[in-house]
Amino acid sequence: MATIEELFAEAIRLHLLRGLEGMLGSAGYERIAGVDEAGRGSLAGPVVAAAVIMDPHRVVPGVDDSKKLSRLRRERLEPAIRRASLASAVVRVPPDIIDRINILEATRRAMSEALTALDPKPDCAVVDAVPLADLPCPSLPLVRGDCLSYGVACASVLAKVDRDRWMTQMHRHYPDYGFADHKGYGAPAHLEALRKHGPSPIHRLTFRSVLPSHPKDLG
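Owing to the predicted nature of the structure, the values given are computational and were not obtained by experimental measurement.

Brief notes about the overall build of the protein
Secondary structure assignment for the protein yields 9 helices and 5 strands. Listing every helix and strand of the protein by position from the N terminus yields α-α-β-β-α-β-α-α-β-β-α-α-α-α. Taking 2.2 N^0.38 as the reference for a compact globule, 219 residues should give roughly 17 Å; the C-alpha atoms of the protein span a radius of gyration of 18 Å, in line with that estimate. Dimensions of the protein, computed from C-alpha atoms along their principal axes, come out at roughly 55 × 45 × 25 Å. Relative to its full complement of 219 residues, the protein shows a buried share of 49%. The long-range share in the protein, meaning contacts at least 24 apart out of those at least 6 apart in sequence, stands at 65%. In the structure as shown, the protein presents an accessible area of about 11,000 Å², 56% of it carried by carbon and sulfur atoms. Put simply, the protein has 29 plus and 27 minus side-chain charges, and the middle of one group is 3 Å from the middle of the other.

What follows is the structure in structure tokens.
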């Protein structure tokens, strides 16, 4: 059981993390979407974006940037975030599309589609780092948004959990690459498997670490 000091510290942390949403709410924006991605720097698998509108009257203790949380903590938070949300959506853009349009455009596509899928629709969106165009609502690209915005942090958890589960499933189809361990990122064991076996059908062929002879690294 947490001590009263730990509970107080967590309450203060969450209050600060929700500060941006509070200011936007005071300005008249009622449904504020947070948007983030997972897998942009991976060598294999999709890039995954999540968008979520959190209920301003419900708080999920423990929410933080997904990179700061353990796998077990993220998996426990994911259903709690969904229950406390007014709407959520997750979109994957597969590696063949990434190779065709490049990873930045694939990330934008995933984020825009996740936002569009929300029901009810958001009044505005806070997006982790990536500027988005042609949205039906105002958006704010915020560098390190997953550390500065409660909604973006919630979205980061949803995106990360979805992508990690997908990559773990792919490990059963392509066990030589160790996807269950590194989730497609450039770990030494993954790079060694690529040297030994070549790319699998879910690798991103335009990334230099996958095909070193490729003239341009789009990752």
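Looking at the pattern of salt bridges
With the rule as written, the count across this model stands at 13 salt bridges. One salt bridge connects Arg 13 with Asp 64, and the closest N-O pair in it is separated by 3.6 Å. Of the two residues, Arg 13 sits in helix 1 (residues 4–17) while Asp 64 sits in the loop between strand 2 (47–54) and helix 3 (71–83), which places them 51 residues apart along the sequence. Arg 13 gets classed as partly exposed once you look at its relative accessible area, which sits at 25%. Judged by its relative accessible area of 15%, Asp 64 is buried. The closest approach of N and O atoms between Arg 71 and Glu 75, which form a salt bridge, is 3.1 Å. With a gap of 4 residues between them, Arg 71 and Glu 75 both fall in helix 3, about one helical turn apart. Among the ionic contacts, a cluster of salt bridges with common partners joins Glu 10, Arg 13 and Asp 64.

Some words on the packing of helix 3 against helix 7 (residues 150–173)
Geometry of a packed helix pair, given as the angle between the helix axes and the separation of the axes. Packing of helix 3 against helix 7 brings their axes to within 9 Å, and their N-to-C directions diverge by 120 degrees. With respect to helix 7, the element helix 3 is oriented oblique. Seen from above, helix 3 lies across helix 7 with left-handed handedness. On the side of helix 3, the interface is formed by Arg 74, Glu 75, Leu 77, Glu 78, Ile 81 and Arg 82, while helix 7 contributes Cys 154, Val 157, Leu 158, Lys 160, Val 161, Asp 164 and Arg 165.

A short note on the pairing of strand 2
Of all 8 residues making up strand 2, 8 are buried, and the element is well covered by its neighbours. As judged from the 6 bridges shared by strand 1 (residues 32–38) and strand 2, these two strands associate in the antiparallel manner. Bridge pairing in strand 2 links Asp 36 to Ala 50.

Overview of the sheet that holds strand 5 (residues 139–142)
Here we have 5 strands laid out as an open sheet, ordered 3-2-1-4-5, and mixed in their pairing. Strands with a single pairing partner mark the edges of an open sheet, and in this sheet they are strand 3 (85–93) and strand 5. Taken over all neighbouring pairs, the strand axes of this sheet differ in orientation by 20 degrees on average, direction set aside. Note that strand 4 (residues 124–128) and strand 5 share 4 bridges and pair parallel. The residue bridging Ala 125 from the neighbouring strand is Ser 139, located in strand 5. The strands touched by helix 3 are strand 2 and strand 3; relative to strand 3, the strand with the most contacts, the crossing angle is about 125 degrees.

Side note on the confidence of the model for the protein
Averaged over the protein, the pLDDT score is 95; the fraction of residues at 70 or greater is 97%. Across residues 213–219 the pLDDT falls below 50, and counting only partners more than four positions away or on other chains, this stretch makes 15 contacts in the model.

As for the packing of aromatic side chains
Summed over all chains, the structure comprises 1 aromatic pair. Ring geometry for Tyr 177 and Phe 179: centres 5.5 Å apart, planes at 10 degrees, overall stacked. Grouping residues by exposure puts Tyr 177 and Phe 179 together as buried. Its guanidinium or amino end placed over the ring of Tyr 150, Arg 18 lies 5.5 Å from that ring's centre, counting from NZ or CZ.

Conventions adopted
Residues numbered from 1 in each chain as written. Predicted model: local features only at pLDDT ≥ 70, side-chain atom pairs only at ≥ 80, totals over all residues. Heavy atoms only, no water. Helix = DSSP H or I, 4+ residues; strand = E, 2+ residues; numbered from the N terminus. Rg over C-alpha atoms; globule rule 2.2 N^0.38 Å. Buried < 20%, exposed > 50% of the residue type's maximum accessible area, 1.4 Å probe, protein only. Contact = heavy atoms within 4.5 Å. Areas by Shrake-Rupley, 256 points an atom, 1.4 Å probe, with all protein chains shown as cover. Lys, Arg positive; Asp, Glu negative; His and termini not counted. Charge placed at Lys NZ, Arg CZ, Asp CG, Glu CD. Salt bridge = Lys/Arg side-chain N within 4 Å of Asp/Glu carboxyl O. Axes fitted to C-alpha atoms, helices over the stretch in contact; angles between N-to-C directions. Parallel < 35°, antiparallel > 145°, perpendicular 65-115°, else oblique. Left-handed = near helix turned anticlockwise from the far one by under 90°. Pairing = 2+ DSSP bridges. pLDDT = per-residue confidence, 0-100. Phe/Tyr/Trp six-rings, centres within 6.5 Å; stacked < 30°, edge-to-face > 60°. Lys NZ or Arg CZ within 6 Å of the ring centre and 35° of its normal.

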